[in-house]
Amino acid sequence: MCGIVAATSKHRNIVPLLLQGLKRLEYRGYDSCGVAVWDQGLKRVRSVSRVSELSDQIEKEGLKGFMGIAHTRWATHGEPVVCNAHPHFAGDQIALIHNGIIENYEEIRDELKAKGVQFASQTDSEVLAYLVRDCYQGDLLKAVEDALNRVRGAYAIAVFCKEDPYRIVVARQGSPLVLGIGDGEMFAASDTMALAGETNRFIYLEDGDVADLRQDSYAIYSHQGQRFLPVEREVRQVEAFSNAVELGPYRHYMQKEIFEQPRAIADTLEAVGEVKASLFGEQAQEVFENVERVLMIACGTSYYAALTSKYWLEAIAGIPCDVEIASEYRYRKSVPNPKTLIVTISQSGETADSLAALRLAKKKGVKTLGIVNVVGSSIAREAGSRTKLAVWASDPDIDPVGTCVGPRGGRVGAVVDELGGEKMDIIKYSEDPAEFVAAALSPADVLQVVTYPGTKNCRVIVPDDQLSLAIGKEGQNARLAARLTGYKIDIKSKSAAEELEEEEENLQPEEKPAQNEQEPEDDLVTLED
């Protein structure tokens with residue numbers, strides 16, 4: 001699956017950001033890569049080697065700019081050679097990157113050839129770049145919209161032109177694309193991991209959306225018929241953890257995933273506490289009770305995982321289970337059965353055939369469930385019902401369906417969205433930070449919450465065997481507690497807390513550590529090793 005990164009900034013060279021984004025998208029696989037910027041004209045560097053070699057090449061050529069686009073490509077049209085690598089230029093005017101397939105590119109290419117266009121590649125993407133140039137009459141947004149009215153297929157694109165060098169127009173149809181909102185800069189990428197550390201404010205574009213990105217603003221338009229109408233999309237706060245997709249000491253991503261399986265299983269089980277129907281949504285128990293057959297649909301290695309789980313499901317649950325490649329389900333005539341549960345499996349949550357098969361199943365009225373590795377991905381958002389995250393309210397007069405405010409005055413709704421929750425329930429009123437801590441660290445048992453008068457420090461004591469469960473995967477629960485309360489959270493196991501208390505009691509008064517009375521910064525969490 002191709003990867004896209006784009007950025008426009010007021011105050012910095014964005015080439016390092018683009019390269020970092022490409023490295024974080026390497027887990028998708030690719031056979032070529034490239035970067036294009038505007039620097040007194042359109043400039044690019046492309047390679048059929050790894051991103052690290054592309055980085056060396058860029059350093060030698062001194063490529064830099066305040067606006068640019070970058071891409072990793074899996075070959076579909078044309079072999080993996082430099083001329084087929086992205087970004088593609090249409091003359092010296094338009095630069096474009098593209099993820100997806102333009103189904104009617106041949107007829108458009110013939111039409112453009114008749115106008116004298118000479119193509120340098122075998123790709124459908126270059127055809128789209130020249131089509132945008134053919135439609136261009138001084139407004140890049142209008143040119144992209146007119147071009148998209150001509151094409152059929154799936155795409156996520158990012159385009160810029162030399163006449164408006166700090167503006168990027170992006171669009172999606174069937175391929176994933178998110179916007180990132182920065183301070184005096186805007187980003188776009190195939191997923192949030194590519195922009196980890198650059199921003200935590202994201203907008204998930206929907207099919208048919210076109211976004212006009214400037215250095216300090218953006219506008220989104222929805223494709224309706226032949227028209228593009230202004231639309232608002234929700235801004236979500238999401239903490240993306242880049243270490244999840246970095247290669248680390250492994251030779252390749254398959255090796256990384258093989259060796260990380262034990263930890264992945266342990267992290268999952270620790271995060272949920274116990275496996276029960278409610279984990280899968282508010283209606284899951286009712287759905288499961290009426291299921292007589294399960295059909296798993298997936299592609300690639302997710303398909304192999306489904307084949308393995310078929311044996312487990314039939315042996316343990318005693319429910320008939322079939323496994324099908326998503327494209328087969330999508331293109332054949334199937335008979336919907338209301339007592340069948342269709343489970344869509346996708347690591348990225350954006351696999352095109354799997355997503356299309358999921359939508360087809362929902363259209364036929366079949367109950368669906370998604371298993372993905374990326375919070376906020378298309379399949380995660382569209383499969384079945386969404387899990388509600390329960391939080392405590394600090395004001396009894398707050399409208400239960402409105403804004404929820406934490407004790408430090410921050411919007412709890414934003415915190416929930418940032419940490420992956422889709423909805424929230426206000427289930428209890430409390431002014432005690434301990435209530436928020438207990439909720440955030442659930443399902444771990446909180447034995448004691450100690451706050452220190454005049455400070456923003458908080459020590460949380462949990463059972464020895466529940467320390468990892470309390471902290472949560474990659475510290476997620478602990479960070480949520482810090483966000484909700486505004487306290488610096490220090491989580492200790494019971495035995496460690498007792499040892500520390502004994503050590504402190506043996507200290508002379510002047511040796512005892514003073515509690516820090518400064519206001520904490522965001523996400524101040526101390527985690528026991």
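Details of the structure are given in the entry above.
Everything numeric in this text was worked out from a predicted model, so none of it was measured.

Asker: Can you explain the nonpolar core? Please cite residues and give values.
Answerer: Counting 33 residues, the largest nonpolar core has V132, L140 and L148 as the members making the most contacts within it. Only β6 (94-102), α3 (105-114), α4 (124-135), α5 (140-148), β7 (153-161) and β8 (168-173) provide two or more residues apiece to this core. In terms of residue count, the dominant contributor to this core is α4 (seven residues). What V132 contacts, discounting residues up to four positions off in sequence, is I94, L96, L140, A143, V144, A147 and V159.

Asker: Residues and numbers for the sheet that holds strand β11 (residues 201-204), please.
Answerer: One key point about sheets: their strands pair by backbone hydrogen bonds, in either a parallel or an antiparallel sense. Pairing in this open sheet of eight strands is antiparallel, and the strands run β3-β2-β4-β1-β10-β9-β11-β15 from one edge to the other. Every other strand in the sheet has two partners, leaving β3 (42-47) and β15 (236-237) as the edge strands with one partner each. Direction of pairing for strand β9 (residues 178-181) relative to strand β10 (residues 185-189): antiparallel, over a ladder of four bridges. When the bridges of β10 are listed, L179 appears paired with A188. Across the sheet, helix α1 (residues 15-24) lies against β1 (3-9), β2 (32-38), β4 (67-73) and β10, angled at about 160° from β1, the strand it touches most. Docked against the sheet, helix α2 (residues 51-61) engages β2, β3 and β4, running at close to 140° with respect to β3.

Asker: Describe in detail the pattern of salt bridges, supporting the description with residues and values.
Answerer: For the structure shown, the criterion picks out 26 salt bridges. Note that R12 and E198 form a salt bridge whose closest N and O atoms lie 2.7 Å from each other. Of this pair, R12 sits in the loop between β1 and α1 while E198 sits in the loop between β10 and β11, placing them 186 residues apart in sequence. With a closest N to O distance of 3.8 Å, D39 and K64 form a salt bridge. With D39 in the loop between β2 and β3 and K64 in the loop between α2 and β4, the pair connects residues that are 25 residues apart, well separated along the chain. Given a relative accessible area of 46%, K64 falls into the partly exposed group. When salt bridges that share partners are traced, they join D139, D164, R167, D212 and R214 into one network.

What counts and how
Residues numbered from 1 in each chain as written. Predicted model: local features only at pLDDT ≥ 70, side-chain atom pairs only at ≥ 80, totals over all residues. Heavy atoms only, no water. Core = buried A, V, L, I, M, F, W, Y, C linked by side-chain atoms within 4.5 Å. Buried < 20%, exposed > 50% of the residue type's maximum accessible area, 1.4 Å probe, protein only. Helix = DSSP H or I, 4+ residues; strand = E, 2+ residues; numbered from the N terminus. Contact = heavy atoms within 4.5 Å. Pairing = 2+ DSSP bridges. Axes fitted to C-alpha atoms, helices over the stretch in contact; angles between N-to-C directions. Salt bridge = Lys/Arg side-chain N within 4 Å of Asp/Glu carboxyl O.

Purely spatial values, then, with no claim about function.
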